[in-house]
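The primary structure of each chain is shown beneath.
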Amino acid sequence: MNIYVCMKQVPDTEASLTVKDGKSINEENIKWVINPYDEYAIEEALKLKEKEPGSAVTVVTLGPARSESSIRTGLAMGAEHAVHIETDEYIHHKATAKALANAIKQDENYGVIFLGKQAIDEDSYQTHILLADYLGIPAATNITAFSFEGDKVIVEREIDEGAKEKIEMTVPCIVGATKGLNEPRYASLMGIMKAKKIPIKKLTLKELGIEDASIGIKPLKLYAPPEKPPGRIIEGELEDSVKELVRLLKEEAKVL
Amino acid sequence: MANIGLYIELKEGKSKKSNKETLSFAKKSGKAVYAVVFTNDVGPYLDELKGVKKVIQVKGDDLTYQPDFYADTMAKIIKDFDLEYFLGIFSAQARDLFPRIAARTEDAGLINDCLEIDLENNQVARPVYAGKLLCRYAIEDKIKILTLRPNVFPVEEGGAGDPEIATVDLVKSEPKIKILEVIKSEAKKIDLQEADVIISGGRGIKTKENFALLQEVADLLNAGIGASRAAVDSEYATYDMQVGQTGKVVNPKLYIACGISGAIQHFVGMKTSRVIVAINKDPEAPIFKKADYGIVGDLFKAVPLLKEELKAVL
Ligand SMILES: Cc1cc2nc3c(=O)[nH]c(=O)nc-3n(C[C@H](O)[C@H](O)[C@H](O)COP(=O)(O)OP(=O)(O)OC[C@H]3O[C@@H](n4cnc5c(N)ncnc54)[C@H](O)[C@@H]3O)c2cc1C
Ligand SMILES: Nc1ncnc2c1ncn2[C@@H]1O[C@H](COP(=O)(O)O)[C@@H](O)[C@H]1O
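Residues numbered from 1 in each chain as written. Chains lettered and ligands numbered in written order. Predicted model: local features only at pLDDT ≥ 70, side-chain atom pairs only at ≥ 80, totals over all residues. Heavy atoms only, no water.

Caption draft 1: The overall build of chain A, seen in detail. Summing up its helical and strand segments, chain A has six helices and 15 strands in all. Principal axes of the C-alpha set define a box for chain A whose edges measure 70 × 45 × 40 Å. Among the 256 residues that make up chain A, the fraction classed as buried is 57%. Restricting to contacts in chain A with at least 6 residues of sequence separation, those with at least 24 account for 69%. Split by element, the accessible area of chain A, about 11300 Å² in all, is 51% carbon and sulfur. (Helix = DSSP H or I, 4+ residues; strand = E, 2+ residues; numbered from the N terminus. Buried < 20%, exposed > 50% of the residue type's maximum accessible area, 1.4 Å probe, protein only. Contact = heavy atoms within 4.5 Å. Areas by Shrake-Rupley, 256 points an atom, 1.4 Å probe, with all protein chains shown as cover.)

Encoded structure:
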């Protein structure tokens, strides 16, 4: 099966972010990584490949030139092929999903497409479902279990507070991965060496038929949220400080 | 005057608490409000829906949530009732449903998790990078589909005027996915994203069983129980309880962190809580820099004391 993974490069979760020119983040000192949820997606794709002889995994990334380091990591983990839709423009999710759809459609035999449930940069929670609708295929996201039963895909999707839905889909389909699905592997040294030699297929938005990438939704201004004033430590014996805390919550903060 | 549609989300037959927030916002906008409820008997909800222009009740022999049926129905409603805006609460279900509605509605754009909405200029503000930053967006799509972050938009009770009622049949298109079964969790948990109060435990809780200590306080406060990733990774708590950048982003009135150090990935998940309380035995723990009130001490002593004190005053 031709298995696909859409993955995005995002700033490391440790990064403290500052704004440059009111529109973008300062990129100095940022460590760029694969979106954590997309790591689960890659891992699941690799596991599926290992179970299905003759399969191959292709990672697809839309993003600027720096994304290549993450694409290499994906290849080093064990993917065979990579597609890089390179662009420096800001591009919103409809256009992203259309571009991903058009890139994947170039392969008539695409099978399961894995994504993450959310990219932790813009946290927009929609690329997977839009992609599925553009391809006209089923999608389920927030997935914690994936398996095949015959020719059907069976997934478990976390809904509310620990409850789950068991869902059946036909192939091709979209799976949005979340934590709990698996433990992503690390790239081996051999994998890293091998990955260096794999050619990355480069595509442009134009080649994918995306003329105006900012369709509809445009960011106007990026800014830091207001800082909270520093709080206080309630001193004293524990019995007294807990009493005082409850009083403050009730009378000062009025949250009880 | 543009029409504004609302998705009234039901949970086990009841209207979710946060629907009040979308309703209040929509009514205040001065636009004609259309509220969509998937139910065969809209009666029980009408009280809450006073002041809206029209209630659209979606009827069907089986109204169990099915994303394709719901999305197709909603896309049809948006078209038939000429809705320019369509709003819902940013809930677990909305994450699944709203992108599907957006994809199936011509010339529509979706922005999730809005903190501010300016209908006059068609702009919204929302958190990005888990709330480390905020971003203001313009939406130029003809149809604007928005989800509102829970516990942000003020609730104004009451409203005058009984709505008109329209009935629409559930669109039963060919479903792309089949929901085989819903597996309920054994524990009856409070939805963290909607909770008014959350009490969370971190690595300092030390065992799964010790979460019972937090549960006792939670029961008194009708609070949800959260956890740090360290607590989840150590299997003291389950992932649906994880608060933080790769867990849930929560926004309660009161957040009580017990035995949590306050790493940035945790902090960004709860920093917009109105009041943050930290209980930690290490006076140097970073959480104290971010908490409104801090107690330095052993949580195994402080939490039981807290419980007793709450019992006494509440
Ligand atoms: C990609 C990535 C994503 C992440 N996402 C998240 C996320 O979503 N959410 C999240 O929470 N973390 C996340 N983390 C992890 C984060 O960096 C921290 O490791 C984690 O939050 C620490 O959890 P903790 O505070 O419970 O544990 P620790 O940092 O170990 O802190 C435990 C605290 O308990 C205190 N303590 C111990 N015993 C007691 C006692 N008896 N009484 C009182 N206090 C006591 C200690 O003083 C200490 O401060 C992420 C990390 C990465 C790399
Ligand atoms: N630029 C991109 N390139 C590749 N995949 C992406 C991109 N943006 C989003 N995705 C995928 O879509 C998922 C959901 O992202 P989002 O809708 O942005 O929260 C991510 O976890 C990725 O798998």
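Caption draft 2: Spotlight on the confidence of the model for chain B. Overall, the predicted model of chain B reaches an average pLDDT of 95, with 100% of residues at or above 70. At the level of chain-chain contacts, confidence expressed as ipTM amounts to 0.92, with global pTM at 0.94. (pLDDT = per-residue confidence, 0-100.)

Caption draft 3: Focus on the sheet that holds strand S15 (residues 232-233) of chain A. With respect to topology, six strands assemble into an open sheet ordered S15(A)-S18(B)-S17(B)-S16(B)-S14(B)-S15(B), the strand pairing being parallel. The two strands at the open ends of the sheet, each matched to only one other strand, are S15 of chain A together with strand S15 (224-227) of chain B. Pairing of S15(A) with strand S18 (residues 293-296) of chain B, which is carried by two bridges, proceeds in the parallel orientation. Bridge assignment links A:Arg232 to a residue of S18(B), and that residue is B:Tyr293. Relative to the sheet, helix H6 (residues 238-252) of chain A contacts S15 of chain A together with strand S16 (254-258), strand S17 (275-280) and S18 of chain B, its axis offset from that of S18(B) by approximately 170°. (Pairing = 2+ DSSP bridges. Axes fitted to C-alpha atoms, helices over the stretch in contact; angles between N-to-C directions.)

Caption draft 4: Geometry of helix H8 (residues 299-313) of chain B. Given a rise of 1.5 Å per residue, 15 residues ought to cover 21 Å, and the 20 Å separating the end C-alpha atoms of H8(B) matches this to within 8%. Of the surrounding secondary structure, the elements contacted by the buried residues of H8(B) are H6 of chain A together with helix H4 (211-221), S16 and S17 of chain B. Residue B:Asp298 occupies the N-cap position of H8(B), its side-chain oxygen lying 2.9 Å from the main-chain nitrogen of B:Phe300. (Expected span 1.5 Å × (residues − 1). Polar contact = N/O pair within 3.5 Å; in protein donor to acceptor, adjacent residues only side chain to side chain.)

Caption draft 5: Quick peek at a negative patch on the surface. On the surface, A:Asp88, A:Glu89, A:Glu211 and A:Asp212 cluster together into a negatively charged patch. Tracing the backbone shows A:Asp88 in the loop between strand S7 (81-86) and helix H3 (93-105). (Patch = residues over 30% accessible without salt bridge, like charges linked within 9 Å, V, L, I, M, F, W, Y side chains within 5 Å. Salt bridge = Lys/Arg side-chain N within 4 Å of Asp/Glu carboxyl O. Lys, Arg positive; Asp, Glu negative; His and termini not counted. Charge placed at Lys NZ, Arg CZ, Asp CG, Glu CD.)

Caption draft 6: Structural context of the site of ligand 1. Around ligand 1 sit 27 residues, and of these B:Arg203, B:Ser228, B:Thr246, B:Ser261 and B:Gln265 come closest. Residues within reach of ligand 1 are spread across chains A and B. A distance of 2.8 Å is found between a nitrogen atom of ligand 1 and a backbone nitrogen or oxygen belonging to B:Val243. B:Lys281 is positioned with one of its backbone polar atoms (N or O) 3.1 Å from a nitrogen atom of ligand 1. Protein contact buries 81% of the 990 Å² of open area that ligand 1 shows by itself. Of all elements in the fold, only helix H5 (229-233), helix H6 (264-270) and H8 of chain B reach the threshold of two or more residues within the shell around ligand 1. (Near = heavy atom within 4 Å.)

Caption draft 7: Local environment of the nonpolar core. Counting residues in hydrophobic clusters, the biggest one holds 77 residues, and the most contacted among them are A:Phe114 and B:Phe211. Looking at which element gives the most residues to this core, the answer is helix H1 (residues 36-51) of chain A, with seven residues. Dropping the residues within four chain positions of it, B:Phe211 is found in contact with B:Gly201, B:Ile205, B:Ile225, B:Gly226, B:Ala227, B:Ala231, B:Tyr236, B:Ala237 and B:Met241. Of all hydrophobic cores here, the second largest spans 40 residues; its members include A:Ile25, B:Val37, B:Ile111 and B:Leu146. (Core = buried A, V, L, I, M, F, W, Y, C linked by side-chain atoms within 4.5 Å.)

Caption draft 8: Inspection of the pattern of salt bridges at higher detail. A full pass over the atoms with the stated rule returns 44 salt bridges over all chains. The partner of A:Lys202 in a salt bridge is A:Glu86, and the shortest N-O contact between them spans 3.2 Å. Of this pair, A:Lys202 sits in strand S13 (residues 200-203) while A:Glu86 sits in strand S7, and the two are 116 residues apart along the sequence. Given the relative accessible area of 38%, A:Lys202 is considered partly exposed. Judged by its relative accessible area of 32%, A:Glu86 falls in the partly exposed class. Between B:Asp162 and B:Lys50 there is a salt bridge whose closest N-O contact spans 3.6 Å. Of this pair, B:Asp162 sits in the loop between strand S11 (143-148) and strand S12 (164-169) while B:Lys50 sits in the loop between strand S4 (32-38) and strand S5 (54-59), and the two are 112 residues apart along the sequence. On the accessibility criterion, B:Lys50 (28% relative accessible area) is partly exposed. What you see here is one network of salt bridges that share partners, running through A:Glu68, A:Arg72, A:Glu86 and A:Lys202.

Caption draft 9: Molecular detail of the sheet that holds S11(B). All names here are of chain B. Spatial strand order, S7-S11-S6-S1-S4-S5-S12: seven strands in an open sheet with parallel pairing. Strands with a single pairing partner mark the edges of an open sheet, and in this sheet they are strand S7 (108-114) and S12. When the angles between neighbouring strand axes are averaged without regard to direction, this sheet yields 20°. One ladder, built from five bridges, connects S7 with S11; its direction is parallel. Bridging across to S11, isoleucine 111 finds its partner in leucine 146.

Caption draft 10: View of the pairing of strand S14 (residues 197-201) of chain B. All names here are of chain B. Within S14, five of the five residues are buried, which leaves it mostly tucked inside the rest of the structure. Residues Val197, Ile199 and Gly201 of S14 are buried on one face, and the alternating residues Ile198 and Ser200, pointing to the opposite face, are buried as well. When S14 meets S16, the two strands line up parallel, connected through five bridges. Bridge assignment links glycine 201 to a residue of S16, and that residue is cysteine 258. By the bridge criterion, four bridges tie S14 to S15 in an arrangement that is parallel. Counted as the bridge partner of isoleucine 198 is glycine 224 from S15. Taken together, S14, H4 and S15 constitute a β-α-β crossover, and its handedness is right-handed. (Right-handed = clockwise from strand over helix to strand, strands pointing away.)

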